[in-house]
Amino acid sequence: MSSYTLIGKHEKDSRANRDGYCTAMVDLMDQNEKIVHIDCDLENCIDVKLIRKAHNDRVFNAGIAEANAVGVASGMAASGLIPFVHSFGCFASRRVFDQAFLSAGYSEWPVHIIGSDPGVTAAFNGATHMPFEDCALYLSVPNATVIDSADYAQTYALTHKLADIPTLTYMRLIRKGFTTVYADGSDFEIGKGVTLRESDKDVVTIIASGIMVDKALQAEEALKEQGIAARVIDMHTWKPIDEELIIKAAKETGAIVTAENHQVGCGLGSQVANVLIKNCLVPQEFVGIQNRFGQVGPQDFLEKEYNLMPEDIVAAAKKAIARK
């Protein structure tokens, strides 16, 4: 069961989100000697020194050879180990996909891949390093688990849960600056979304993940000021997606908006649409990347450029309501 405390003050955290992952890994390694971490020459970028300080003998640097890293991880898993592999999201998805699909996915080994700097959070790393399609690749792998974490507390909690999954997983996470959504100590269940705001007067549901969760909360507040009641759901797990919660929200509010830092045609929005079209067909609007490539720039500029702002969610909510 999920057990969380919503902060929702829209404030930046002083910590780096990557440390939520690394701190959780230290905990996991303390408890289970089979857990290992493999990095692709990006240890400084994700602060792996926290893990090395505690368990240096179980941290491996595969170098700038991401596909080989996943192959090595699959071999480790076949020998009884539980490997976690990190690289930037673009490399952790596009570059390694054949190995992830066959060596880990098809072979049903517990390989846990971490992709950092998803979507616009890649910022000055530029267009080539800006993954808007990373989750789409992993959504296509049978029995894979796909997660988009929002902040330190959620990253910390979900990393712990990944270690118990016996098949391929992919979790994308913000690397550095982020807006705090949850209090430390919050817990989450993989495959179960969490309802953050709701009332019996809700006329639209906003389903978001990752950096878009806080923006969804801001949009709900703006809609409330205009007399429009909106429900907000954090759908941190895209696969397996929480069909029961989506159907409930659709039946009770009659309109859906999805908000994601990802291509809308092959991500959270499409996953939600697949549920709605089979179970409860209601108007749905999509906030996210609309069939575009990435570019260079500060994150706040990119969020505006790609229409990932609270006001974009507000506009989408009004459009979905009008289509009822």
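Summary of the structure given here. Residue numbers here run from 1 along each chain, matching the order of that chain's written sequence. Thresholds applied to this predicted model are a pLDDT of at least 70 for local features of residues and 80 or more for the giving and counting of side-chain atom pairs; totals over whole chains, interfaces and linings are not thresholded and use all residues. With hydrogens and water stripped out, all remaining heavy atoms of the structure feed into the side-chain values.

So, on to the side chain of Glu-285. With respect to the element layout, Glu-285 can be found in strand 12 (residues 284–289). For Glu-285, a relative accessible area of 13% translates into the label buried. In protein, a polar contact means a hydrogen-donor-capable atom and an acceptor-capable atom, both N or O and within 3.5 Å, with residues adjacent in sequence counting only if both atoms are side-chain atoms; elsewhere, any N or O pair within 3.5 Å suffices. A polar atom in the side chain of Glu-285 sits 2.7 Å from the side chain of Arg-323. If we skip the residues at most four places from it in the chain, Glu-285 touches Ile-256, Val-257, Thr-258, Ala-316, Lys-319, Ala-320 and Arg-323. Runs of E in the DSSP output that reach at least two residues are strands. Runs of H or I that reach at least four are helices, and both are numbered from the N terminus. Only protein chains enter the area calculation, which uses a 1.4 Å probe; residues under 20% of their type maximum are buried, those over 50% are exposed, and those in between are partly exposed. Should any heavy atoms of two residues lie within 4.5 Å, those residues are counted as being in contact.

Another aspect to go through is the packing of aromatic side chains. Note on aromatic contacts: the rings of Phe and Tyr and the six-membered ring of Trp form a pair at centre separations within 6.5 Å, being stacked when their planes are under 30 degrees apart, edge-to-face when over 60 apart, and tilted otherwise. Scanning all chains against the criterion turns up 9 aromatic pairs. With a centroid separation of 6.3 Å and an interplanar angle of 85°, the aromatic rings of Phe-97 and Tyr-138 are classed as edge-to-face. Here Phe-97, found in helix 6 (residues 97–106), pairs with Tyr-138, found in helix 7 (residues 134–139); they are 41 residues apart in sequence, far enough to count as distant. In terms of burial, Phe-97 and Tyr-138 fall into one category: buried. Here a set of aromatic residues connected by ring pairs shows up, and it is made of Phe-97, Phe-101, Tyr-138 and Tyr-170.

Every case where a carboxyl oxygen of Asp or Glu lies within 4 Å of a side-chain nitrogen of Lys or Arg is listed as a salt bridge. In total, this model carries 20 salt bridges according to the counting rule given. Its salt-bridge partner being Glu-221, residue Arg-197 comes within 3.3 Å of it at the nearest N-O pair. Residue Arg-197 is located in strand 7 (residues 194–197), and its partner Glu-221 is located in helix 9 (residues 212–225); the two are separated by 24 residues in the primary sequence. Note on Glu-221: relative accessible area 28%, which makes it partly exposed. Where Lys-248 meets Glu-252, a salt bridge forms, and the shortest distance between an N and an O atom there is 3.2 Å. One end of the pair, Lys-248, and the other, Glu-252, are both in helix 10 (residues 243–253), 4 residues apart, so they sit about a helical turn from each other. On the basis of relative accessible area, Lys-248 is assigned to the partly exposed category, the value being 38%.

At least two bridges found by DSSP between two strands are what make those strands a pair. What the 5 strands build is an open sheet, ordered 7-9-8-11-12; its pairing is mixed. Both edges of this open sheet fall to strand 7 and strand 12, since each of them pairs with a single strand only. Neighbour to neighbour, the strand axes of the sheet diverge by 25° on average, direction disregarded. Taken together, the 4 bridges between strand 8 (residues 204–208) and strand 11 (residues 256–263) define a ladder with parallel strand orientation. Residue pairing across strands places Thr-205 opposite Ile-256, the latter belonging to strand 11. Running over the sheet, helix 9 touches strand 7, strand 8, strand 9 (230–234), strand 11 and strand 12 and is turned about 160° from strand 8. Note on method: axes are straight lines fitted to C-alpha atoms, helices fitted across the in-contact stretch only, with angles between N-to-C directions ranging 0 to 180 degrees.

If you trace the backbone, Ala-69 turns up in helix 4 (residues 66–78). The spatial distance from the C-alpha of Ala-69 to the C-alpha of Phe-188 is 29 Å, given a sequence separation of 119 residues. Leave out the neighbours within four places in its chain, and Ala-69 touches Ile-38, Cys-40, Ala-62 and Val-85.

We now examine unusual backbone geometry. Here the bond from Lys-239 into Pro-240 is cis, since omega is -5°, no more than 30 degrees from zero. Of note, the phi angle at Asp-47 is positive, near 65°, even though the residue is not glycine. Within the element layout of this structure, Asp-47 appears in the loop between helix 2 (43–46) and helix 3 (49–55). Residue Asp-47 is classed as buried on the basis of its relative accessible area, which comes to 8%. Not every positive phi belongs to a glycine, and Asn-143 is a case in point at roughly 70°.

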